[in-house]
Amino acid sequence: MSSQVITLWSDTLAPREKLLRYGASALSDAELLAIFLRTGFPGMHVMQLAEQLLEQFGSLYHLMSADHSVFCSYKGLGNSSYAQLQAISELAFRFFSSHLSQENVMLNPRMTQHYLQSLLAHHEREVFLVLFLDNQHRVIRHQEMFAGTISSVVVYPREIVREALKANAAAIILAHNHPSGKAEPSHADRLITEQVVNACLLLEIRVLDHLVIGRGECVSFAERGWL
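Residues numbered from 1 in each chain as written. Predicted model: local features only at pLDDT ≥ 70, side-chain atom pairs only at ≥ 80, totals over all residues. Heavy atoms only, no water.

## Side note on the pattern of salt bridges
Within this structure, the stated rule accounts for eight salt bridges. The salt bridge partner of Lys18 is Glu31, with a shortest N-O separation of 3.1 Å. Taken together, the positions of Lys18 in helix H2 (residues 15-22) and Glu31 in helix H3 (residues 29-37) put the pair 13 residues apart, joining distant regions of the chain. Using a relative accessible area of 21% as the deciding quantity, one classes Lys18 as partly exposed. Under the relative-accessibility criterion, Glu31 is labelled buried at 11%. As a salt-bridge pair, Glu90 and Arg94 come within 2.8 Å of each other at their nearest N and O atoms. Here the residue Glu90 and the residue Arg94 both occupy positions in helix H7 (residues 79-102), the gap between them amounting to four residues, near one helical turn. (Salt bridge = Lys/Arg side-chain N within 4 Å of Asp/Glu carboxyl O. Helix = DSSP H or I, 4+ residues; strand = E, 2+ residues; numbered from the N terminus. Buried < 20%, exposed > 50% of the residue type's maximum accessible area, 1.4 Å probe, protein only.)

## Some thoughts on the packing of aromatic side chains
Any aromatic ring pair is given by two values, namely how distant the centres are and how the planes are angled relative to each other. Applying the stated rule across the entire model yields six aromatic pairs. Judged by centre distance (4.4 Å) and plane angle (35°), the rings of Phe57 and Tyr74 are tilted. Of this pair, Phe57 sits in helix H4 (residues 46-57) while Tyr74 sits in the loop between helix H6 (68-72) and H7, and the two are 17 residues apart along the sequence. A relative accessible area of 12% means that Phe57 is categorised as buried. Look at Phe146 and Tyr156: their rings are 5.9 Å apart centre to centre, the planes differ by 65°, and that puts the pair in the edge-to-face class. Separated by 10 residues along the polypeptide, Phe146 in strand E2 (residues 139-147) and Tyr156 in the loop between E2 and helix H9 (157-166) bring together distant segments of the chain. An aromatic cluster is built from Phe57, Phe71, Tyr74 and Tyr82, whose rings are joined through pairwise contacts. In this arrangement the basic side chain of Arg190 is found over the ring face of Trp226, its NZ or CZ atom lying 3.8 Å from the centre. (Phe/Tyr/Trp six-rings, centres within 6.5 Å; stacked < 30°, edge-to-face > 60°. Lys NZ or Arg CZ within 6 Å of the ring centre and 35° of its normal.)

## Some details on the confidence of the model for the protein
Here the protein averages 87 in pLDDT, and 94% of its residues register 70 or above. Below pLDDT 50 for its whole length, residues 1-8 participates in six contacts with residues either more than four positions away or in separate chains. (pLDDT = per-residue confidence, 0-100. Contact = heavy atoms within 4.5 Å.)

## Remarks on H9
Listed as buried for H9 are Pro157, Ile160, Val161, Glu163 and Ala164. The arc enclosing the buried residues of H9, seen along the axis, measures out at 165°, which places them on a common side. Facing away from the buried side of H9 by more than 90 degrees, the exposed set consists of Arg158, Leu165 and Lys166. Following H9 by one or two positions, Asn168 adopts a phi angle in the positive range, close to 55°. (Arc of directions from axis to C-beta.)

## A closer look at the pairing of strand E3 (residues 171-177)
By the criterion of burial, E3 is predominantly enclosed, with seven of the seven residues buried. Because side chains alternate across E3, one face comprises the buried residues Ala171, Ile173, Ala175 and Asn177, and the other comprises Ile172, Leu174 and His176, equally buried. Pairing of strand E1 (residues 127-133) with E3, which is carried by six bridges, proceeds in the antiparallel orientation. Looking at E3, one finds that Val130 is bridged to Leu174. In the sheet, E3 pairs with strand E4 (residues 206-213) via seven bridges, with the strands oriented parallel. Among the inter-strand pairings, His176 is bridged to a residue of E4, identified as Val212. Taken together, E3, helix H10 (residues 187-201) and E4 constitute a β-α-β crossover, and its handedness is right-handed. (Pairing = 2+ DSSP bridges. Right-handed = clockwise from strand over helix to strand, strands pointing away.)

## Describing a nonpolar patch on the surface
Judged by side-chain polarity, Leu165, Leu202 and Leu203 come together as a nonpolar surface patch covering roughly 330 Å² of accessible area. Positionally, Leu203 belongs in the loop between H10 and E4. (Patch = residues over 30% accessible without salt bridge, like charges linked within 9 Å, V, L, I, M, F, W, Y side chains within 5 Å. Areas by Shrake-Rupley, 256 points an atom, 1.4 Å probe, with all protein chains shown as cover.)

This is the structure we're talking about:
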């Protein structure tokens, strides 16, 4: 790397200092990754390494979900980095899970979306999942109810109602993934949501939302005003 590029990064606020001053949400994906990597290697600044890895993998999602052998084949990465990144991913998932079992999921819809993305985004086929909630809208449990093909999944509303009764749920949140990566709901998605809502209505079980999960994006039926 030329001295000019090194000077460019040295003149900007380092990711760790930026996080402490402005908070983690102010950091880009590359800056967050640079904090994790800590150092580059001779001839490559850690920020350049982070940006290069994101470009090579395509996204932070693809980096974190990469196969072990593929991950370790990249210069600057190895078993230690892979283990740490997987641990970070699992720690985040357990944090979301613990929080949602103790707090009203409607108070922090973004956290609920992140939690569902961690559950569904890696699937290569469509999976339909249900969060079963108590009367305080805390998560009792989640269940992958139906699995389909790369472009569709068959959903049976009566099975959802049956599981809701087993869980003694007062409300539910529906979610499914689009393996194509595009989260925009289809006409079929809206139709099955209406059918589930009507089935649950008979037993006074509320359907609070239906989230469609893509890669790096999520569409909420409640936010669209469809529920």
